[in-house]
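Topology and contacts: notes
Each chain, letter by letter, is given below.
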Protein chains: 2
Amino acid sequence: MSYRVQFLPDGIEVTAEGSEDLVTLAARAGITLRGACGGAGTCGRCRVMVTGGRVTVGGEKKVAPLEVAACQTVPASDLRVEIPATARLEEHRVLLSARSAGRLGEEESRFPVDAPLFSQTSLQLERPSLDDPGDDLSRLLRALKEQDQGEVYVPLEVLRELPSVLRARDWAITVGYSGNKGRREILSVVPGTEPQPAFGVAIDVGTTTVAVELWDLVSGRRLADSGTFNRQAAFGDDVVTRIIYATEQPEGRRILQDAVVETVNGLLRQVLAAAQVAPDRVWAATFAGNTTMVHLLLGVEPRFIRLEPYTPAANEWPGLHAEDLGLAINPRAAVYVVPGVASYVGGDITAGIVATGLHRKEGITLFVDIGTNGEMVLGNRDWLVACACSAGPAFEGGGIRAGMRAVPGAIEEVTVLPGGYEVFLRTIGGKPPLGICGSGLISALNSLLAAGILERSGNFRRDAATPRLREGDGGPEFVLAWEKETGSGNPIALSQAEVENLVRAKAAVFAGVRTMLGTLGLDLTAVEEVYVAGGFGQHINIRDAVSIGLLPDLPPERYHFVGNTALKGAAAALVSAQARQEMAVVARSMTYLELSVGNRFMEEFTAALFLPHTNKELFPSLAGEG
Amino acid sequence: MSYRVQFLPDGIEVTAEGSEDLVTLAARAGITLRGACGGAGTCGRCRVMVTGGRVTVGGEKKVAPLEVAACQTVPASDLRVEIPATARLEEHRVLLSARSAGRLGEEESRFPVDAPLFSQTSLQLERPSLDDPGDDLSRLLRALKEQDQGEVYVPLEVLRELPSVLRARDWAITVGYSGNKGRREILSVVPGTEPQPAFGVAIDVGTTTVAVELWDLVSGRRLADSGTFNRQAAFGDDVVTRIIYATEQPEGRRILQDAVVETVNGLLRQVLAAAQVAPDRVWAATFAGNTTMVHLLLGVEPRFIRLEPYTPAANEWPGLHAEDLGLAINPRAAVYVVPGVASYVGGDITAGIVATGLHRKEGITLFVDIGTNGEMVLGNRDWLVACACSAGPAFEGGGIRAGMRAVPGAIEEVTVLPGGYEVFLRTIGGKPPLGICGSGLISALNSLLAAGILERSGNFRRDAATPRLREGDGGPEFVLAWEKETGSGNPIALSQAEVENLVRAKAAVFAGVRTMLGTLGLDLTAVEEVYVAGGFGQHINIRDAVSIGLLPDLPPERYHFVGNTALKGAAAALVSAQARQEMAVVARSMTYLELSVGNRFMEEFTAALFLPHTNKELFPSLAGEG
């Protein structure tokens, strides 16, 4: 049996064969549905309206109209399905280095275009003669050796056409090669001494978003960039859910690899079209991503990342070619993956350290990347220590009913007047509120605390005499926006349980920082600068974040937003051998602190489960407040 | 339009679409037709009978029955085509080392199974712990480094499953790697400390024939062998014709590569079936072939091999994988190609030198491989000089109307009684004669000379009063077998022009040997041993060959038949790193003497256009004869 399924309001129709669920069918229609639970049917993120037809939900036949979890629903007739905005993964503010140049400026320009991952060199070979009839390949290798002593590898594809290419312009040639991993591999040989047009792409593969930059490797200029959601998000919100999907679903690993490669290829097509560059001219690609994302991108078994002792398959990855991954560029293009440190401190962090130059500074710097996982690095030019804590998806809107990403309609700032009667909201794009994003949540916590609605323990003050504090389905909740004020017609409220989630998340980050400092016997005052990296970091108000105890209490001038440093680092690796060299050194020399070893982290975590902290002395600048 | 074409007597029918010729269609039916001219329509080898239907021959419509050159003929209706035995490339005595162990014995056993191209090593890795959570790949590399200092490469395919494999038997593993070209590349990692069954194949790719041996790489034993015609023979008899086909026909290079790979794969299927070995268990393959055959096997542009200054694309080939060539074994299997010396002295000769151990002997040895090309090496453990002459295909039956390969029915020995009235013939398999092969031609020349029918100049003695010497279509000819005596009903005769062909061929070989000796200032007596290699060498009578002046006049005990030394060398390379190392050294250190430079060769050649030679003093042992 095959059915026609129409998705609205997009108006796209697909044909359903067999037992594909609505998430799969929507994906075929180009619509990515949310799915925090990886298709388990427990998170309710993918709820859609079936407005016409019959379906099977968990084995049970049902008739429209009804609301269903798309991941549990299979068509039993032709269907009409409405997809509400809440179920849809939409384009949002994906951070690109061009737009997110933090206060540190365009750090990647610090790396000269010294030796792109794909470099070219022109040669005039000696013509053979009856006295010197040596073979073509030896002639090429001899000329290359005169330039450089390293080992050179010439693959069969190049060798096949070498005789004609050498003779096309009387033994004048331009050789394109990859300097990946020390071994010089010839990727192209063309006639003449003019370098051929050559381009490269730098790619940040995040759990949630993917961003790409296109560079001209001859001029050393950035030509275009683009970003979008990682299509893997349909299979789970965080790395753990994805690992479970990859290991427990049939073909799960392949499906996730395809999803991220399709995401990347879509972006590549965009930037190539924008800059009018043919895919075959792209000879190099660099990737920075967390350890799980890299495993899934490369199709490597990720199972043991989440099992003690948390061992990744690799931290340093072999040099690859585009065809190994199915990238929509020249199949022979060199692919470099920024090396990682451990299962939960990946190449995105290595890239960030090198892009910000933290590893060259004399003073001690704290690098914080708060996302679904919080990664933190402390160090200077002499030493580097890294740790990671599972902040959970709360700050990205996960585990919060009204949570959403930073797209138009998301509440990003909350002001609660004392007493809790009046609330002022600021939303992205000034639209009627649809939900609340990370910066809004931090702002809300801070404001509720200041207004006396929240106690320092994170409990609502039950005696607060405001109608906004009410008993909801899941216990006490504070209403940020009433039904009539929202874009969806549903109220936006924050429950006691959700607040506890947020408190645990901020406690994990703060405890991670404290544990690093404590292990090293350092006082917070030793930290001269704080770099706040990543998408989330762009939107938060530092004062709010300090006030709830998410970030340590340091003078605001020590804080710097550094933007998408993973992408900046990937771009540096694309154009600079020095950057690649520094990344190898940084990844190898960084000490990974496993927080689950010993009691210190748990003690710090427990102590941080207060707003801002059980020990108010840690937040001297807040003295007299709240 | 599509037509059905039935080939008889095989009874196989194929569908012809478009303008495919009968050679192509026969190939689709699995029938390989002869074709010395590469489809030019000039050699007449592929003549077949069209017994029903209409055809287009060279643009002209014709109606059956008629005899046509298959390469010039395209169906114009449904067809019936009879293929006579004379047009068909048949299985023949392909030389395998097992059968052709020359008087030097099983030389390849001289190479211990020291390090097969695919070797295995068992390791017990340290388990990771929270104190030592290093990644899986580093753990593997560390353990390998403790064994050996060389660079190790782990490809993505292996890395993908590494985490599961390491943990399957508690960190005990067996690593299979290739030692090709110094770089240790991991090809497989399996759980446990037992070596996995692993096999390798040694392949001799000759212009005319291809032979394969299957080896057990764990026990170091040879399991099976097989040989057949090179399917490329349908596109030309010699390397020059094939190069022209590859460069001038659309897709010619691809067609020739496919033909030889299909030939090899057919043999691989045979030996694997015979030994009951699964293709995926074959982890290594070695090839020895002349320079043109290697170019065509690898799909490398061969155009410049035949153009002055005769420069090959490469003499030393990069390490390859089975999937690069489409071999029907494990796609990741290591492929090693024996290095060559020059365009006309290839890896088959390098393999032959190392297999015979010539490069280790104190005394000077002459190595002669007479085929379509004659290759000769002179040297000892201190120096090696090689040259090649185009003997032409005469000794393999080319350019001789009755010429055929050494298959049943071929005349291999001729005795002409004085006066030339009576002739005794010996044929392979004792069958009625169908034609004459190389050893038969040498025997015939010698016998005609002895019987006084041939003058030393190579001219028939017109005054000989035998009816066997008659005026044929192409001038004077000597009838070896009358119509009624032959298997085909056609007479077998040798014409004046054909004799001249043979004289030129033998003169080229002899002049090559003399030129080498003369260039080095050596006398023939300095040559302590002569190794006669290759298929042709197996069948000839040394005394006959000396008598006509093909081989130099040395005592018979100095001559040794060494068999298929290309295959022996390929097998040595398969099991022994020492053999591969020696081949690299031999190929690099051998001095190639280009015979077309200077006058010496032409002078020697002209002087050798007599039977046995203009200078009878060079053949003292023949004094008093003829």
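Just so you know, these numbers come straight off a predicted model, no measurement behind them.

Description of the overall build of chain A
- Along chain A, the regular secondary structure elements total 16 helices and 30 strands.
- Taking 25 Å as the expected radius of gyration for a compact globule of 626 residues, we find that chain A reaches 27 Å, a close match to that expectation.
- The C-alpha extent of chain A, read off along each of the three principal axes, is 100 × 70 × 45 Å.
- Excluding contacts between residues fewer than 6 apart, the proportion of contacts in chain A whose partners are at least 24 apart in sequence is 66%.
- Of the roughly 23400 Å² of accessible surface on chain A, 48% is carried by carbon and sulfur atoms.
- When the 58 basic and 74 acidic side-chain charges of chain A are each reduced to a single mean position, those positions are 2 Å apart.

Overview of the interface of chain B and chain A
- Each side of the interface is counted separately: chain B has 43 residues, and chain A has 43 residues.
- Around 3500 Å² of area is buried between chain B and chain A when both sides are counted, 61% of it from carbon and sulfur atoms.
- Counting the contacts that link chain B with chain A gives 2 salt bridges.
- A salt bridge links Glu161 of chain B to Arg253 of chain A; its shortest N-O distance comes to 3.0 Å.
- Linking chain B with chain A are 20 residue pairs in polar contact (both at pLDDT 80 or more).
- Elements represented by at least two residues in the side of chain B that touches chain A include exactly α3 (136-147), α4 (156-168), α6 (252-275) and α8 (322-325) of chain B.
- With 7 residues, the single largest contributor to the side of chain B that touches chain A is α4 of chain B.
- A per-class count over the side of chain B that touches chain A returns 22 nonpolar, 8 polar and 13 charged.

Let's talk about the relation of the copies chain B and chain A
- With an RMSD of 0.2 Å, the operation that places chain B on chain A is a rotation of 180 degrees combined with a shift of 0.2 Å along the axis. Expressed as an axis order, the relation between the two copies is that of a two-fold axis. For chain B, the smallest separation between a C-alpha atom and the rotation axis is recorded for Arg183 of chain B, amounting to 5.5 Å.

Observations regarding the environment of Arg543 of chain B
- Tracing the chain through its elements places Arg543 of chain B in helix α13 (residues 542-547).
- Distance in space between the C-alpha atoms of Arg543 of chain B and Leu217 of chain B is 41 Å, their sequence separation being 326 residues.

Regarding the packing of helix α5 (residues 239-248) of chain A against helix α6 (residues 252-275) of chain A
All names here are of chain A.
- Running from amino to carboxyl end, α5 crosses α6 at an angle of 130 degrees, the nearest separation of the two axes being 5 Å. With respect to their mutual orientation, α5 and α6 come out oblique. Packed against α5, whose contacting residues are Arg242, Tyr245 and Ala246, the element α6 presents Gly252, Arg253, Ile255 and Leu256 at the interface.
- Partitioning the contact of α5 with α6 into residue classes produces 4 nonpolar, 1 polar and 2 charged.

What to know about the packing of helix α14 (residues 565-575) of chain B against helix α15 (residues 577-589) of chain B
All names here are of chain B.
- Close contact between α14 and α15 brings their axes to 5 Å; oriented N to C, the two are set at 120 degrees. With respect to α15, the element α14 is oriented oblique. Residues Gly569, Ala572, Ala573, Leu574 and Val575 of α14 pack against Ala577, Ala579, Arg580 and Met583 of α15.

Description of a negative patch on the surface
- Residues Glu157, Glu323 and Asp324 of chain A together with Glu157, Glu323 and Asp324 of chain B make up a contiguous surface patch of negative charge.
- Those elements that provide at least two residues to the negative patch are α8 (322-325) of chain A together with α8 of chain B.
- With respect to the element layout, Glu323 of chain A can be found in helix α8.
- On the accessibility criterion, Glu323 of chain A (47% relative accessible area) is partly exposed.

Quick look at the confidence of the model for chain A
Residue and element names in this part refer to chain A.
- A residue-level look at chain A finds 93% of positions with pLDDT of 70 or above and a mean pLDDT of 89.
- Across residues 90-109 the pLDDT falls below 50, and counting only partners more than four positions away or on other chains, this stretch makes 66 contacts in the model.
- Note on the complex model: pTM 0.82, ipTM 0.81.

Criteria and cut-off values
Here the residue numbering is sequential within each chain, running from 1 through the sequence in written order. Numbering of ligands from 1 and lettering of chains from A proceed in the order in which they are written. pLDDT decides what is reported in this predicted model: residues at 70 or higher carry local features, side-chain atom pairs at 80 or more are listed and counted, and totals for whole chains, interfaces and linings draw on all residues regardless. Only hydrogens and water are set aside when side-chain values are computed; all heavy atoms of the structure are taken into account. Secondary structure elements are defined from DSSP: runs of H or I of at least 4 residues count as helices, runs of E of at least 2 residues count as strands, and each element is numbered from the N terminus. We compute the radius of gyration from the C-alpha atoms alone; for a globule the expected value is 2.2 Å times N to the 0.38, where N is the number of residues. For this analysis, residues touch if any pair of their heavy atoms sits within 4.5 Å. Only the protein chains shown count as cover for residues, and the accessible areas themselves come from Shrake-Rupley with a 1.4 Å probe. Counted as positive: Lys and Arg. Counted as negative: Asp and Glu. His and the chain ends are not counted at all. Charge coordinates come from a single atom per side chain, which is NZ of Lys, CZ of Arg, CG of Asp or CD of Glu. Here's the idea: put two parts together, see how much 1.4 Å probe accessible area each one loses, and the total over both is what we call buried area. Criterion for a salt bridge: a side-chain nitrogen of Lys or Arg within 4 Å of a carboxyl oxygen of Asp or Glu. The definition of a polar contact used here is a pair of N or O atoms within 3.5 Å, where within protein one atom must be able to donate a hydrogen and the other to accept one, and adjacent residues in sequence count solely through side-chain atom pairs. Residue type decides the class: Asp, Glu, Lys and Arg count as charged, Ala, Val, Leu, Ile, Met, Phe, Trp, Tyr, Cys and Pro as nonpolar, and the leftover types, Gly among them, as polar. All copies are superposed by least squares; the fitting set is the C-alpha atoms of residues with a pLDDT of at least 70 in both. Here an axis means a line fitted to C-alpha atoms, over the contact stretch when the element is a helix, while the angle between two N-to-C directions is reported on a 0 to 180 degree scale. These descriptions rest on fixed angle ranges, namely under 35 degrees for roughly parallel, over 145 for roughly antiparallel, 65 to 115 for roughly perpendicular, and the rest for oblique. Candidate patch residues must exceed 30% relative accessible area and have no salt bridge, after which like charges are joined if within 9 Å and Val, Leu, Ile, Met, Phe, Trp or Tyr side chains if within 5 Å. Under the scheme applied here, a residue whose accessible area is under 20% of the maximum for its type counts as buried, over 50% as exposed, and between as partly exposed, the area being computed with a 1.4 Å probe on protein chains only. pLDDT expresses, on a scale from 0 to 100, how confident the predictor is about each individual residue.

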